[in-house]
Amino acid sequence: MQIDGDGQHDPGCIPQLLAPVLAGETDFALGSRFLEVESYEPSLARRAGMLFFRKLISLLVGQRITDTTSGFQAFNRRVIGYFTTEVFPCDYPDADMLLTLHRAGFRIREVPVRMHASATGKSMHSGWKPIYYMFKMLLSIFVTLLREKQVKENQSKTG
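Presented here is an overview of the structure given in this document.

Quick notes on the rules
- Residues numbered from 1 in each chain as written.
- Predicted model: local features only at pLDDT ≥ 70, side-chain atom pairs only at ≥ 80, totals over all residues.
- Heavy atoms only, no water.
- Core = buried A, V, L, I, M, F, W, Y, C linked by side-chain atoms within 4.5 Å.
- Buried < 20%, exposed > 50% of the residue type's maximum accessible area, 1.4 Å probe, protein only.
- Helix = DSSP H or I, 4+ residues; strand = E, 2+ residues; numbered from the N terminus.
- Contact = heavy atoms within 4.5 Å.
- Axes fitted to C-alpha atoms, helices over the stretch in contact; angles between N-to-C directions.
- Parallel < 35°, antiparallel > 145°, perpendicular 65-115°, else oblique.
- Nonpolar A, V, L, I, M, F, W, Y, C, P; charged D, E, K, R; others polar.

1. A closer look at the nonpolar core
For step 1, the next point in the chain: In terms of nonpolar packing, the biggest core is built from 21 residues, with Phe 28, Ile 57 and Leu 101 touching the most fellow members.
For step 2, the next point in the chain: Mapped onto this core, the elements with two or more residues apiece are β1 (28-32), α2 (44-61), α3 (77-83), α4 (95-103) and α5 (129-146).
For step 3, the next point in the chain: For this core, the leading source of residues is α4, giving five residues.
For step 4, the next point in the chain: Setting aside residues no more than four positions away along its own chain, Ile 57 makes contact with Ile 65, Thr 68, Ala 95, Leu 98, Leu 99 and Ile 141.
For step 5, the next point in the chain: Counting residues in each nonpolar core, the second largest holds ten residues, with Leu 17, Val 21, Val 111 and Met 115 among its members.

In structure tokens form, the structure reads like this:
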């Protein structure tokens, strides 16, 4: 399990996030605030950035992904082993992590979860940070697309 420390994620949703992983139905479960009616709505600027990455990643992985920036995740042992290699995107493990998992052949599933506005009151998406974040994510996605051979080699080592 991964749960961000900003108080945004509802721990009561952990069982529903873990369920498809424990049942062997998926390798990686991603909590989505956009599949649950009760979740909060991010600001307009943040929603625009999320929409951009949602469309881009959905196109690149060939499946609908609604919440590419969710830090509420569950994964199986193989995914953990895979990410102990050098392929884990350390700076911003969001959309590029989903792309990396897909290219390595892991099954990804979104699960509806409740999320709340950050309890810390601080956001990494204020001032110029959203522009920097978008640039950094686009660069990271581009690099991830260039690393196909390395991804396949690591998958055969951990699988």
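Having seen the structure, we can now continue with the description.
2. Some thoughts on the packing of α2 against α4
For step 1, the next point in the chain: Orientation of α2 relative to α4, taken along the N-to-C sense of each, is 10°, at an axis distance of 10 Å. In this view, α2 runs roughly parallel relative to α4, as classed from their interaxial angle. Note on element contacts: α4 touches α2 through Ala 95, Leu 98, Leu 99 and His 102, opposite Phe 53, Ile 57, Leu 60 and Val 61.
For step 2, the next point in the chain: Class assignment of the residues belonging to the contact of α2 with α4 gives a composition of seven nonpolar, one polar and no charged.

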